[in-house]
Amino acid sequence: MAAKKKVVFLTGAGMSAESGISTFRDAGGLWEQYPVMQVASHTGWLQDPDLVTRFYNERRRQLFNTQPCGGHKLVAAMEQDYDVVVITQNVDDLHERAGSTRVIHLHGELCKVCSSRDVENPRYWQTLGPDNCEVTPGTKAADGSLLRPYIVFFEEAVPMIAPAAEQVGKADILVIIGTSLNVYPAAGLINYTQSGTPIYLIDPKDVSVPYGLSVTHIKAGATEGMKQLMEILNKS
Ligand code: APR
């Protein structure tokens, strides 16, 4: 039995657009409605933790009213025939809910809250669900610090970038879905592929990629694009 080919996905907000979750930089995107540095940066958290807490409460409420889209389900279905790892910039749990079993969250997880003094200490993590999706501003973690969203804010390090880069370096195929590749270090992961590794990009719009990489652009949404990708892979 030949070893399964390793397919690594790098997904962004466009992956969840068809689930009804708005992207960040499309027209009407989240950053058009909210001042990103006030609700998603380390400085913003320090200046107004209550505003940040309310912002993520609203995003969590919205998440529990959404379902994985066809694209999430097809990414999960790929695990039957391939060794799949999903690296996502998204903080939603839609890949997991669609059945993906190996998901690396680069920018944190909306369903988790943590200590604001010791973010990476699992002892202080709490998982929030549909019945308790909100944090009352001012609530403390078990270490006495303010409870905060387990989100990698702008200005903060991305603890999972090294494991993610290692996975991309081992990929036989890299598939990028629904990211404008605007935000680093996540966007830089594309450069960790071995030379010659096929790279597919699923996005209805054009996305600029680093010079010299041969990328096959499937110009479609996540669900339709995944259908086209699976046809291409089945023929290869
Ligand atoms: N299917 C696939 N892609 C789509 C769809 C769709 N239905 N709709 C939009 N897109 C594409 C857009 O064309 C765009 O290229 O999804 C991409 C979304 O880009 P952004 O809004 O910039 O989101 P993302 O790249 O994930 O942002 C990266 O920025 O604000 C931070 O932490 C936040 O993780 C986020 C990071």
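Keep in mind that this is a model prediction, so the values were computed, not measured.

Analysis parameters
Residues numbered from 1 in each chain as written. Predicted model: local features only at pLDDT ≥ 70, side-chain atom pairs only at ≥ 80, totals over all residues. Heavy atoms only, no water. Pairing = 2+ DSSP bridges. Helix = DSSP H or I, 4+ residues; strand = E, 2+ residues; numbered from the N terminus. Contact = heavy atoms within 4.5 Å. Axes fitted to C-alpha atoms, helices over the stretch in contact; angles between N-to-C directions. Near = heavy atom within 4 Å. Polar contact = N/O pair within 3.5 Å; in protein donor to acceptor, adjacent residues only side chain to side chain. Areas by Shrake-Rupley, 256 points an atom, 1.4 Å probe, with all protein chains shown as cover. 1 Å grid on protein atoms, 1.4 Å probe; cavity = no way out; pocket = protein on both sides within 12 Å on 5 of 7 lines; lining within 4 Å. Sits in = over half its atoms within 2 Å of the grid points. Parallel < 35°, antiparallel > 145°, perpendicular 65-115°, else oblique. Left-handed = near helix turned anticlockwise from the far one by under 90°. Nonpolar A, V, L, I, M, F, W, Y, C, P; charged D, E, K, R; others polar. Salt bridge = Lys/Arg side-chain N within 4 Å of Asp/Glu carboxyl O. Buried < 20%, exposed > 50% of the residue type's maximum accessible area, 1.4 Å probe, protein only. Domains from an automatic or database assignment. Buried area = accessible area lost by both parts, 1.4 Å probe. Core = buried A, V, L, I, M, F, W, Y, C linked by side-chain atoms within 4.5 Å.

### Details of the sheet that holds strand β4 (residues 108-115)
The strand order β5-β4-β6 describes an open sheet built from 3 strands, whose pairing is antiparallel. A single partner strand is all that each edge strand has here, and the edge strands are β5 (126-127) and β6 (147-151). Bridge analysis of β4 against β5 gives 2 bridges, and the strand direction is antiparallel. Residue pairing in the sheet places Val113 in a bridge with Gln126 of β5. Contacts between helix α5 (residues 49-63) and the sheet are confined to β4 and β6, with β4 contributing the most and set at about 140° to the helix.

### Things to note about the site of the ligand
Inspection of the region around the ligand gives 22 residues, with Arg25, Trp31, Thr179, Ser180 and Asp203 positioned closest. Gly14 has a polar backbone atom sitting 3.3 Å from a nitrogen atom of the ligand. One nitrogen or oxygen atom from the main chain of Gly178 is found 3.3 Å from an oxygen atom belonging to the ligand. In isolation the ligand exposes 730 Å². Once the protein is present, 91% of that is buried. Judged by its atoms lying within 2 Å of the grid points, the ligand is housed in the largest pocket.

### Some points on the packing of helix α6 (residues 70-77) against helix α9 (residues 222-235)
The N-to-C vectors of α6 and α9 enclose an angle of 30°; their axes lie 7 Å apart at closest approach. As summarised for this structure, α6 and α9 are arranged roughly parallel, according to the angle between their axes. Handedness of the α6/α9 crossing: left-handed. Counted together, Gly70, Gly71, Leu74 and Val75 of α6 and Ala222, Thr223, Met226, Lys227 and Met230 of α9 form the full contact between these two elements. Tallied by class, residues from the contact of α6 with α9 come to 5 nonpolar, 3 polar and 1 charged.

### A look at the pattern of salt bridges
Summed over the entire model, instances satisfying the criterion amount to 9 salt bridges. Linking Glu166 and Lys170 is a salt bridge whose minimum nitrogen-to-oxygen distance equals 3.9 Å. When its relative accessible area of 46% is taken as the criterion, Lys170 is described as partly exposed. Here the salt bridges do not stand alone but share partners, grouping Lys6, Asp83 and Arg102 into one network.

### Considerations on the domain arrangement of the protein
Assigned domains of the protein: these are domain 1 (1-21 + 69-107 + 158-236) and domain 2 (23-65 + 111-151). The centre of domain 1, based on its C-alpha atoms, is set 26 Å off from the matching centre of domain 2. Residue-level contacts link 16 residues of domain 1 with 10 residues of domain 2. For the pair domain 1 and domain 2, the summed buried surface comes to about 980 Å²; carbon and sulfur atoms form 58% of the total. Contact with domain 2 buries surface across domain 1, with Ala13, Ile21 and Val91 losing the most and accounting together for 38% of the total. The tally of links from domain 1 across to domain 2 stands at 1 salt bridge. Close ionic contact of Asp26 with Lys205 constitutes a salt bridge, the shortest N to O distance being 2.3 Å. Listed by contribution, the elements that provide at least two residues to the side of domain 1 that touches domain 2 are α1 (14-17) and α7 (94-98).

### Thoughts on the nonpolar core
Within the largest apolar cluster, 22 residues are counted, with the highest numbers of intra-cluster contacts made by Ile87, Leu106, Ile176 and Leu189. Contributing elements (two or more residues each) for this core: β1 (6-11), β2 (83-88), α8 (161-169), β7 (173-177) and β8 (199-202). The biggest single contributor to this core is α8, with 3 residues. What Ile87 contacts, discounting residues up to four positions off in sequence, is Val8, Phe9, Leu10, Thr11, Ile104, Leu106, Ala164, Gln167, Val168 and Leu189.

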